[in-house]
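# Coordinate analysis (summary)
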There are 2 protein chains.
Amino acid sequence: MNLKELAQHLNLSPTTVSRALNGYPEVKETTRRRVEEAAREFNYMPNAWAKGLATGRSMSIGHVMPTSKMHEMVNPVFGDFITGASETYVKEGYDLKLTPVDDGDEAQRYRALRTRGNVDGFIVHGPHLTDGRIALLREIGLPFVVHGRASNMPADYPWIDMNNRRAFERATALLIELGHRRIALVNGLEHMDFAHRRREGFLAALASHGLVPDPALMRGGEMTERLGYRAAADMLDGTSPPTAFLVSSMVTAIGVRRALHERGLELGRDVSVIIHDDDLGYLRNGDDVPIFTATRASVREAGRRAAEMLLRMIRDPACAPLQSLMEAELILGRSTGPAPR
Amino acid sequence: MNLKELAQHLNLSPTTVSRALNGYPEVKETTRRRVEEAAREFNYMPNAWAKGLATGRSMSIGHVMPTSKMHEMVNPVFGDFITGASETYVKEGYDLKLTPVDDGDEAQRYRALRTRGNVDGFIVHGPHLTDGRIALLREIGLPFVVHGRASNMPADYPWIDMNNRRAFERATALLIELGHRRIALVNGLEHMDFAHRRREGFLAALASHGLVPDPALMRGGEMTERLGYRAAADMLDGTSPPTAFLVSSMVTAIGVRRALHERGLELGRDVSVIIHDDDLGYLRNGDDVPIFTATRASVREAGRRAAEMLLRMIRDPACAPLQSLMEAELILGRSTGPAPR
DNA sequence: TTGAAAGCGCTACCAC
DNA sequence: GTGGTAGCGCTTTCAA
């Protein structure tokens, strides 16, 4: 059933039916009602292609994410974020076009999506510190929202982000106040913006307490179990081992625990650990360790908000770029850890 | 730059240009070359909407996945699978339309995608044992491929799946041959097809060795750390504790380990464990435990294949439904575990 | 308040 | 081998 047929059924012109369905004011109320009813009855849905062709809008949003580091973002933040965004899209009749893209040919893919007229806007996932995509997207001229930030770029684009810096600052301060002086940081890949900010928070807290960071106690990498194990093992076997760890991601923390366990060290007795992770429900490793976290619900919320920001920009290209910072939640474990030995 | 303008530049008709670009045979080779060159030069890309409208094909594929259980599939298989599928799509000029959908209103969303003419086919993720979507999709009439299977449905649809049954059968047999008689199964949610098949494999191996399954030693649930912990704790504290565990997912296995550790039991000394997981690179918990696994590469391969199957069906609706079973790989740990005490 | 008609950019049929 | 032209289903002037 298409518009024309529907119009014939109603003894109306396609024009009027179109207007009625799209909320134009000049349609008589009774007519509109009649049309809407018939549309429901025949389960009429406008053909997206014709509509796109006629309006120039595609009613779909491109989500582009680098695949080589996929696990960093996909797992698990990405799923929840996208679910949140979809809630908004569905409500507003938009589709979500997912484009995993190799780190290399990003520019190509963005341009293609743009030129073929396939999307009305972009969500950018997993920004690096210096992320070329922002300049690229600006040049391309479609609205976009960044999930995260790119610290080394002028901050005049719209973004939504967790306050990673603050979470790590608070976590570090907490450990310092417990009496720790040698605190290890096991971080994500530090060319990723979120990891960089976490590090900054860590350093800021040290500095404001008059502590000097020890490079031997700072490590970054893909957030795997293996990284946690290697980093902790090296540090614990080093000349002056840490008494506390601050760990990016639960998975990495598991590796840290393995290294502790191998050395007969007990968490909460010999060593303190604080974890930051965005995936609580899935992998909660007991409740013995304090966690800074973006809960699943709040990541979803972030997705919803990002989508709303983007749709607003699509509708009103002149509107100011919104920026939104969300706070991580602190969940205290049973033991916040001991004073250092 | 659109087709008409490009044609004018070349002093050709739009028709010829279109034919040249779409590989029709009746174009003179020199003309084709001229056209292709110009297209590249002006960075011409056809407007997807016009093309869709004219051809009736959307050049995009819908990936629909239930969100309520999202972590089960999203994490981490989904990312790799979709990356693989995208490789195929990009090559063939297709887009990937992602639709997270609440378990409830699936029918609606599928129909909408179909009626609005938005997709040419579907990939179905995370099938349940009795999955209504298969009947629904058949009724809707677009080609689809299921990532996984639905055991309780007639198996005449196209699917691609890991051989979960066989992996668990082999794993169980391995434990039995080591001398274990009381083997625990910590499984995923058993209304999910993959989990059901794993259980079947487990039971089959017991049966073929003349062992009777003990319901107290079988547990299913969301594959979280907590499930592993609870299940193992209950079983170990029960009247006749298991001497070996077979665990679905690395994350769950971490919980099992915690329970063991709490009780002073050591893995590889007091108890054997075999894990099945599809996410090796990310969360490899040491190399001390044997793992059945679909490697990241093979999951990607599965995505590629599924996409190819689907595109084939789209092009030739009459073609027979392909079905493809992939074998999990066994990676032996340093210790395969002891004989039972 | 409604309708007729002209496109949107492309493909595909038919004629040359 | 190439070109003219009629749609695909919708929106959007302009006219009534």
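Residues numbered from 1 in each chain as written. Chains lettered and ligands numbered in written order. Predicted model: local features only at pLDDT ≥ 70, side-chain atom pairs only at ≥ 80, totals over all residues. Heavy atoms only, no water.

Chain A carries the name LacI family transcriptional regulator in an unreviewed UniProt entry, which gives Roseivivax halodurans JCM 10272 as its organism.

### So, the protein's contact with DNA strand D
Around DNA strand D, the surrounding shell holds 26 residues, and the nearest of these are A:Leu3, A:Ser18, A:Tyr24, A:Tyr44 and B:Thr16. Backbone sugar and phosphate groups make up 58% of those atoms of DNA strand D lying within 4 Å of the protein. Within the side chain of A:Asn22, a nitrogen or oxygen atom sits 3.1 Å from a phosphate oxygen of DNA strand D. Here a phosphate oxygen of DNA strand D sits 2.5 Å away from a polar atom, N or O, in the side chain of A:Tyr24. Per element, the largest residue contribution to the surface near DNA strand D is four residues, and it comes from helix α4 (residues 48-55) of chain A. (Near = heavy atom within 4 Å. Polar contact = N/O pair within 3.5 Å; in protein donor to acceptor, adjacent residues only side chain to side chain. Helix = DSSP H or I, 4+ residues; strand = E, 2+ residues; numbered from the N terminus.)

### So, the domain arrangement of chain A
Residues and elements named next belong to chain A. According to the domain assignment, chain A contains domain 1 (3-43), domain 2 (60-162 + 299-326) and domain 3 (164-297). With centres defined by C-alpha atoms, the gap from domain 2 to domain 3 works out at 29 Å. The interface of domain 2 with domain 3 comprises 19 residues on the first partner and 17 residues on the second. Roughly 1600 Å² is buried in total at the junction of domain 2 and domain 3, and carbon and sulfur atoms are behind 50% of that figure. Where domain 2 packs against domain 3, one counts eight residue pairs in polar contact (both at pLDDT 80 or more). Of all the secondary structure elements, the ones that give two or more residues to the side of domain 2 that touches domain 3 are α5 (70-92), β5 (159-162) and α12 (296-315). Top element by residues in the side of domain 2 that touches domain 3 is α5. It accounts for five residues. Tallied by class, residues from the side of domain 2 that touches domain 3 come to eight nonpolar, four polar and seven charged. (Domains from an automatic or database assignment. Contact = heavy atoms within 4.5 Å. Buried area = accessible area lost by both parts, 1.4 Å probe. Nonpolar A, V, L, I, M, F, W, Y, C, P; charged D, E, K, R; others polar.)

### Here's the deal with the pairing of strand β4 (residues 144-147) of chain B
All names here are of chain B. Residues Phe144 and Val146 point to one face of β4 and Val145 and His147 to the other, with burial holding for every one of them. Alignment of strand β3 (residues 121-125) against β4, held across four bridges, turns out to be parallel. Bridge pairing links Val124 to Val146 in β4. Each parallel crossover has a hand, and for β3 linked through helix α7 (residues 132-140) to β4 it is right-handed. (Buried < 20%, exposed > 50% of the residue type's maximum accessible area, 1.4 Å probe, protein only. Pairing = 2+ DSSP bridges. Right-handed = clockwise from strand over helix to strand, strands pointing away.)

### Quick look at the pattern of salt bridges
Residues and elements named next belong to chain A. Scanning the entire structure with this criterion turns up 50 salt bridges over all chains. Between Arg149 and Asp161 there is a salt bridge whose closest N-O contact spans 3.0 Å. With Arg149 in the loop between β4 (144-147) and β5 and Asp161 in strand β5, the pair connects residues that are 12 residues apart, well separated along the chain. Neither residue differs from the other here; Arg149 and Asp161 are each classed as buried. Overlapping salt bridges bring together Glu87, Arg300, Glu301, Arg304 and Arg305 as one network. (Salt bridge = Lys/Arg side-chain N within 4 Å of Asp/Glu carboxyl O.)

### Quick look at the protein's contact with DNA strand C
Taken together, 26 residues sit near DNA strand C, with A:Arg19, B:Leu3, B:Ser18, B:Tyr24 and B:Tyr44 positioned nearest. A breakdown of the atoms of DNA strand C within 4 Å of the protein gives sugar and phosphate a share of 61%. At 2.8 Å from a base nitrogen of DNA strand C is found a side-chain nitrogen or oxygen belonging to A:Arg19. A distance of 2.7 Å is found between a phosphate oxygen of DNA strand C and a side-chain nitrogen or oxygen belonging to B:Tyr44.

### A look at the side chain of A:Thr88
Looking at the element boundaries, A:Thr88 is found in helix α5. In contact with A:Thr88, not counting residues within four places along its chain, are A:Arg304, A:Ala307, A:Glu308 and A:Leu311.

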